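# Tertiary structure, described
Each chain is listed here by its residues.
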Amino acid sequence: MEHLQTQGISVPRLGLGTFRMQGDACRAAVESALGLGYRHIDTAEMYGNEDAIGAALAASGVARKDLHITTKVWNENLAPEAIRRAFDVSLKKLGLDQVDLYLVHWPSKNMNLPAIFETLMKLQQEGRTRAIGVANFNIALLKTVVEDIKAPIACNQVEYHVMLDQTPLRKYLAAKSIPLVAYCPLAQGRAASDEALAAIGAKHNASAAQVALKWLLDQDGTAAIPKASRPESQQANLDALKLKLDDADRKAIAGLPKGKRCVNPGFAPAWD
């Protein structure tokens, strides 16, 4: 498994997304993924599954030093005291002394960015999170955080897939050596049924979804966190790493429509 190096941490480029996984089903999915070799697990306080993930981590037998755990603070808890309270709850539910990456999940209209990142950097200095970052931040917000506040951002987690062009954002992140972590990397199932991707997959004895995932992971500075609850889906995503796309494949993918968002970025919804 390849890793991205960012702000002193090493992030496996393929992780497991866990949004909409709950309870015993979530625990079973995480245990399955860890058994198959996944070491990057992504969650958030808003997902309501940190306790199930904590149980899976404890049962897995995987050494803590080999795991990368990301969680996030919801946009209703971005005041400094609220961040600390939310962080404490997340850490307790996960059963950990430290997370690897703690993100601002969504921006909010009235947030105080300097105060937010002062709090996050203190959590990092205290050793409670190894790194900090953001999710769903546009270029203007990133400029404030990176260039004005000079916060050591380890990633920006955003929607990105074969059907959504993120070129301007990717260029800015690359210029600042900040990885992009792609959520909805399979366009919430749309990639799996795309005829052009299926045709490419048939050429390589792979699925359309595997083609879409490998296209993402072939890009410098990009990681992906597909949600996969079934062991066979988790294994299929791992197997996508073996796929070798050629220039003709990439040209065909470049010709796909690029304006299909799964998540509305104009507001902070109650889902991710």
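Relevant structure appears above.
Residues numbered from 1 in each chain as written. Predicted model: local features only at pLDDT ≥ 70, side-chain atom pairs only at ≥ 80, totals over all residues. Heavy atoms only, no water.

Next up on the list: the pairing of strand E6 (residues 101–104). Of the two faces of E6, the one lined by Leu-101 and Leu-103 and the one lined by Tyr-102 and Val-104 are each fully buried. Sheet analysis places strand E5 (residues 68–73) next to E6, joined by 4 bridges and oriented parallel. Residue Thr-71 lies in a different strand from E6, and its bridge partner there is Tyr-102. Following the backbone out of E5, through helix H3 (residues 80–94) and into the adjacent parallel E6, one traces a crossover that is right-handed. Of the strand pairs in this sheet, E6 and strand E7 (residues 132–135) are connected by 3 bridges, and their pairing is parallel. Within E7, the position partnered with Val-104 by the bridge is Val-134. At this point the chain moves from E6, through helix H4 (residues 113–125), to the parallel E7, and the crossover so formed is right-handed. (Buried < 20%, exposed > 50% of the residue type's maximum accessible area, 1.4 Å probe, protein only. Helix = DSSP H or I, 4+ residues; strand = E, 2+ residues; numbered from the N terminus. Pairing = 2+ DSSP bridges. Right-handed = clockwise from strand over helix to strand, strands pointing away.)

Let's shift gears to the side chain of Asp-249. Along the polypeptide, Asp-249 turns up in helix H10 (residues 247–254). At a separation of 2.7 Å, a polar atom in the side chain of Asp-249 contacts the side chain of His-204. Contacts of Asp-249, omitting those with residues within four sequence positions, involve Ile-200, Lys-203, His-204 and Lys-244. (Polar contact = N/O pair within 3.5 Å; in protein donor to acceptor, adjacent residues only side chain to side chain. Contact = heavy atoms within 4.5 Å.)

Which parts of space are left empty comes out when a probe the size of a water molecule is rolled across the atoms. Looking at the largest pocket, its volume works out to about 560 Å³. Lining of the largest pocket is provided by 29 residues; of these, Leu-186, Gln-188, Pro-226, Lys-227 and Ala-228 occupy positions nearest its centre. Among the elements of the structure, helix H8 (208–217) and helix H9 (231–239) are those that each provide at least two residues to the lining of the largest pocket. With 4 residues, the single largest contributor to the lining of the largest pocket is H9. (1 Å grid on protein atoms, 1.4 Å probe; cavity = no way out; pocket = protein on both sides within 12 Å on 5 of 7 lines; lining within 4 Å. Points joined across faces, edges and corners; volume = space filled by probe spheres on them.)

Keep in mind these numbers describe shape, not what the thing actually does.
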